[in-house]
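# Summary of structural features
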Amino acid sequence: MYSPTILIEAMINGLLTGAIYALIALGLTLVYGVLHIINFAHGAILASAMFAVWGLNVLAGVDPYLAILLLAPVFFCLGYGVQRLVIGPAAKGDDGNILLITLGLSIFIENALLAGFGSDTRSISSDFSFAVVEAGPFLISSPRLVGFAGSLIVTAILWFIMSRTDAGKAIRAVAREKLGASLMGIDVGHVYAVTFGLGCAALAVAAGLLMPTFYVNPRVGGAFVNIAFTIVVLGGMGSIPGAMIGGLLIGLVESLSGLLLGESLGQIGIFIIFILVLLLKPTGLFGAKA
Amino acid sequence: MRFSGYIPILVVTAALAVVPLVFSSNSLFNFMVMSLIITLAAQGWNILGGVAGQTSFGHALFFGVGCYTAAMLQFHFGVNAWLAFLLAVAAGAAAGFILGFLSFRAGLRGSYFALITLAFAELMRILANASDWTGGAAGLLLKLNPGFSNMQFESRASFLWLALAFVFIGLVISRAIAGSRFGAQLVAVRENEDAARALGVDVLSVKLKAISLSGAITAAAGVLYVQNFLYIDANIGFGVWISIEALLAPLVGGRGLVLGPLIGTFTLHGLGELTKSFAGRIPGIDLMVFAVVLIGVVAFASGGVLGLLRRFAPRLARRIAV
Amino acid sequence: MMLRTETIIMRFGGLTAVNQASLGVREGSITGLIGPNGAGKTTLFAVIAGFLQPTGGRVLWQGRDITGLKPHQRAQMGIARTFQIVQPFQGLNVLENITVGSYLRHRQTDEAVAKARAVAERVGLGAELEQQASSLTVAGRKRLELARALATEPKLLLLDEVLAGLNPSEIRDIIPVIRAIRDDGVTIFMIEHVMQAVMNLCEEVYVLAQGQMIAEGTPASVCNDPAVIEAYLGKGAAARIASTGGAHA
Ligand SMILES: Nc1ncnc2c1ncn2[C@@H]1O[C@H](COP(=O)(O)OP(=O)(O)OP(=O)(O)O)[C@@H](O)[C@H]1O
Ligand SMILES: [Mg+2]
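These numbers come from a predicted model, not from an experiment.

## Some points on the interface of chain B and chain C
The interface of chain B with chain C comprises 18 residues on the first partner and 24 residues on the second. Together, the buried faces of chain B and chain C total about 1800 Å²; carbon and sulfur atoms form 62% of this surface. On the chain B side of the contact with chain C, B:Arg181, B:Ala198 and B:Leu199 bury the most area, a combined 38% of that side's loss. Where chain B meets chain C, there are zero salt bridges. On inspection of chain B and its partner chain C, the count reaches six residue pairs in polar contact (both at pLDDT 80 or more). For the side of chain B that touches chain C, the class distribution of residues is eight nonpolar, four polar and six charged.

## Details of the coordination of the magnesium ion (ligand 2)
Angles between donor atoms at a metal ideally measure 109.5 degrees for a four-coordinate tetrahedral arrangement and either 90 or 180 degrees for a six-coordinate octahedral one. Residues and elements named next belong to chain C. The protein atoms that coordinate the magnesium ion (ligand 2) are Thr-42 (OG1) and Gln-84 (OE1), at distances of 1.9 to 2.1 Å. With Thr-42 in helix α1 (residues 41-49) and Gln-84 in the loop between β6 (79-81) and α3 (94-102), this residue pair connects regions lying 42 residues apart in the sequence. Relative accessible area serves as the criterion here: at 33%, Gln-84 is assigned to the partly exposed category.

## Things to note about the packing of helix α5 (residues 142-164) of chain A against helix α6 (residues 166-176) of chain A
All names here are of chain A. Two elements in contact, α5 and α6, have axes separated by 5 Å at closest approach and are oriented at 75 degrees. On the basis of the axis angle, α5 is roughly perpendicular to α6. Here Ile-161, Met-162, Ser-163 and Arg-164 of α5 lie close against α6, whose contacting residues are Asp-166, Gly-168, Lys-169, Ile-171 and Arg-172. Its residues assigned to classes, the contact of α5 with α6 shows three nonpolar, two polar and four charged.

## What to know about the sheet that holds strand β1 (residues 3-12) of chain C
All names here are of chain C. Sheet architecture is open: four strands sit in the order β2-β1-β4-β5, paired in antiparallel fashion. Looking at which strands have only one partner, the edges of the open sheet turn out to be β2 (15-25) and β5 (64-65). Bridge count for strand β4 (residues 56-61) against β5 is two bridges, and the pairing is antiparallel. Residue pairing for β5: Trp-61 is matched across the bridge by Arg-64. The strands touched by α1 are β1, β2 and β4; relative to β1, the strand with the most contacts, the crossing angle is about 115 degrees.

## Quick word on the interface of chain A and chain B
Counting from both sides, the interface comprises 34 residues of chain A and, opposite them, 34 residues of chain B. Buried area between chain A and chain B, both sides added, is near 3200 Å², and the carbon and sulfur share of it is 84%. Linking chain A with chain B are zero salt bridges, by the criterion used here. The element best represented in the side of chain A that touches chain B is helix α4 (residues 95-117) of chain A, accounting for 13 residues. For the side of chain A that touches chain B, a count of residues per class yields 27 nonpolar, six polar and one charged.

## Thoughts on α3(C)
Counting buried positions over the nine residues of α3(C) gives eight, a clear majority of the element. Those residues of α3(C) lying buried are C:Val94, C:Leu95, C:Asn97, C:Ile98, C:Thr99, C:Val100, C:Gly101 and C:Ser102. For α3(C), the secondary structure elements touched by its buried residues are α7 (181-191) of chain B together with α4 (109-123) and α5 (138-151) of chain C. N-capping of α3(C) is provided by C:Asn93, with a side-chain oxygen placed 3.1 Å from the backbone N of C:Leu95.

## Some details on the packing of helix α1 (residues 4-35) of chain A against helix α9 (residues 220-235) of chain A
All names here are of chain A. At a minimum axis separation of 8 Å, α1 and α9 run at an interaxial angle of 70 degrees. As summarised for this structure, α1 and α9 are arranged roughly perpendicular, according to the angle between their axes. Contact residues: Tyr-21, Ala-22, Ile-24, Ala-25, Leu-28 and Thr-29 in α1; Phe-224, Ile-227, Ala-228, Phe-229, Ile-231 and Val-232 in α9.

## Things to note about the domain arrangement of chain C
All names here are of chain C. Taken domain by domain, chain C holds domain 1 (1-78 + 156-249) and domain 2 (85-153). Each side of the interface is counted separately: domain 1 has 17 residues, and domain 2 has 11 residues. Counting the surface lost from both domain 1 and domain 2, the interface buries some 1200 Å², and carbon and sulfur atoms represent 67% of this. Remark: the boundary between domain 1 and domain 2 carries one salt bridge. Asp-184 is the partner of Arg-122 in a salt bridge, and the nearest nitrogen-oxygen pair spans 2.8 Å.

Each value, and the rule that gives it
- Residues numbered from 1 in each chain as written.
- Chains lettered and ligands numbered in written order.
- Predicted model: local features only at pLDDT ≥ 70, side-chain atom pairs only at ≥ 80, totals over all residues.
- Heavy atoms only, no water.
- Contact = heavy atoms within 4.5 Å.
- Buried area = accessible area lost by both parts, 1.4 Å probe.
- Salt bridge = Lys/Arg side-chain N within 4 Å of Asp/Glu carboxyl O.
- Polar contact = N/O pair within 3.5 Å; in protein donor to acceptor, adjacent residues only side chain to side chain.
- Nonpolar A, V, L, I, M, F, W, Y, C, P; charged D, E, K, R; others polar.
- Donors = N, O, S within 2.8 Å, 3.2 Å for Na, K, Ca; no water.
- Helix = DSSP H or I, 4+ residues; strand = E, 2+ residues; numbered from the N terminus.
- Buried < 20%, exposed > 50% of the residue type's maximum accessible area, 1.4 Å probe, protein only.
- Axes fitted to C-alpha atoms, helices over the stretch in contact; angles between N-to-C directions.
- Parallel < 35°, antiparallel > 145°, perpendicular 65-115°, else oblique.
- Pairing = 2+ DSSP bridges.
- Domains from an automatic or database assignment.

Rendered as structure tokens:
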């Protein structure tokens, strides 16, 4: 039915997109792994990062990839502040409260973007957006290749931070046993905020990698966050390698089901995976703890 | 206690019912109709999410099932509107039962349950957006044909009364549950499932009843929406907006309380209109206010408006039995 | 025998919490279950009440195998349990807490509430009906735990350390309550560390150590059993005590 070339090209594209999805899911899974909360504002924060990349480009002519260097620290600080000043104090330690507060944050951010920028869809176009690399019979989009590489690099950095640095050790200690960690003299509130900040910084990177080929509007986060939830659930909540593998898998599934079912039904594959994983194996394919 | 518990319901309903007799502003009527439809959807949410403590982020699933069942039965088969209404409510209950059977049996709770409700709503939105039966992205338009037997009304006031009648039924159901064995079991499940089990409560069956009833009531709100606007598409029926409205209202009004959804909806939408009149028609400004109110309620007033009333005017609060 | 367990085994991963435990509770008795910390007593209770499915063995209720039944079904049959770590409905007041229990046998609200009031009175919570469960003292919570279970009108009451954390005068107050419950025809099976209460109340005692049933008999005979003394005080303890002449656990 489909020639192997088309199928393989779809798979390559799926994997390339999947890596960026993984990057988006990374922040979500990191926050879940440490704070044990599902951050519903994740998509909205991504949308605001994408607007920031767009704004820097349109107003100051900053290249999206360059914007990452600026925005990653800014979003780290924003995330740190939001966790420290809003989510932490307002939740009073109750998981149900956190769920509702991050929902409130997501509604707020999304509509603030709507109020500020209107509902128009915007994009950055440069020559590089359409650049391609030829690999045998396949045409591969250069910005996506950059996105793929960027995602792998960030994942590696994050993995390094988590497993090799003192900060990472503290984070892991808090993730395992927050009471014990606080008895050992670790400032749990600080670690939570750092983790949340790291998640947001990862989103800023993702935004920079996405914008050359993608568009942004205030509602764009919704599409990504559903995918990110699926990846996190699939990879096992809290697992960094799980997020990467889950992201690549989901990218493949989306690309192939888009090819076979068409644009409008393409997303269905993702939701079916999501529902099945939740119902049959809520700990994910790579997660150990319930 | 028996009857007196229903007095606040009667008073509130009567107060709302006289509005069309005193005022004649169509925009006021439209505001009230929309608020009543949302109230009804929120009453459905409140039984599951408020009383039984199972937070749903996807009540659009039931709203949409109600919308589309009513619309499709009328559009494709010319089924009478009232019969379509009954079938839509049954479909909402069935959707609730199926979702509950799958997720509660799998042991999903808390965030996981919230996620799966969201996923089901989104799945249905994509399907409704793609299928010919549902009119695809263009949606379904029902024929304008006013008349009681078609559940359509020429006068705005009549439709307002219809919506109010539904909300009244919702209030009576909520009130009856609050003073019953079933209500006590729902609360027990919310507070501590293991303790409930030890006292002989069949937790799964109680949750299934709650989600089916919840689905039925929210589906009824969907039917009202369709009969009011005579139009439905996927982003309305299964859209995130109604999931959020259905959840916000009870939280703001008073989670798990009989009058919570009604008070929450009117508080929120009153605030929304006020903001719009001050800030002009900036898109999204009302929802920004809603979000701030939600965070404020969670942080400072977990009992919502009625909880504040209980704290600052305990006498009055006891009088209206919140 | 009203209740029997036959060679119950309960494993959690590699850990065998209960190993081949068999016991019987006679109708109308107050039977005790004692043993050192971590012996598996609470786990065995959870198996009896249906909260855990045992890895092996059977639970028999009046001769019938109920191993596969759910907790709420066992509660309906007349087996009620309390929790060692109290599990109140935090957001409800005392009366509402107890009413959840009394609704099991009374569908009408008026009857259920009346029953709940009577039970509250009986366990000494009559003055705290309107108080939030979360604001009760430790002793109050223990009484609430007992009241809720009692409100289900059980035939067998499983009490998991209801005396733990109480001071001597509170213990003295509650012992007659427990005896009165039995005198009303409710069989009682209790886990207890307070030996004074065990000696005082129980007719028959089982001793669990490291998941295994090591002794059974009257409280006095069990306390003098060398195996029991060793389980509590360590290897060789029985011999040491015998040689110094004193023998009480
Ligand atoms: N759900 C569980 N998962 C894993 N291990 C468990 C679980 N429940 C109990 N255990 C283990 O089983 C053993 C027996 O525990 P149990 O609570 O039954 O002891 P106990 O006799 O009631 O002790 P105590 O007198 O301290 O209450 C302990 O080692 C405990 O850590
Ligand atoms: Mg114990």
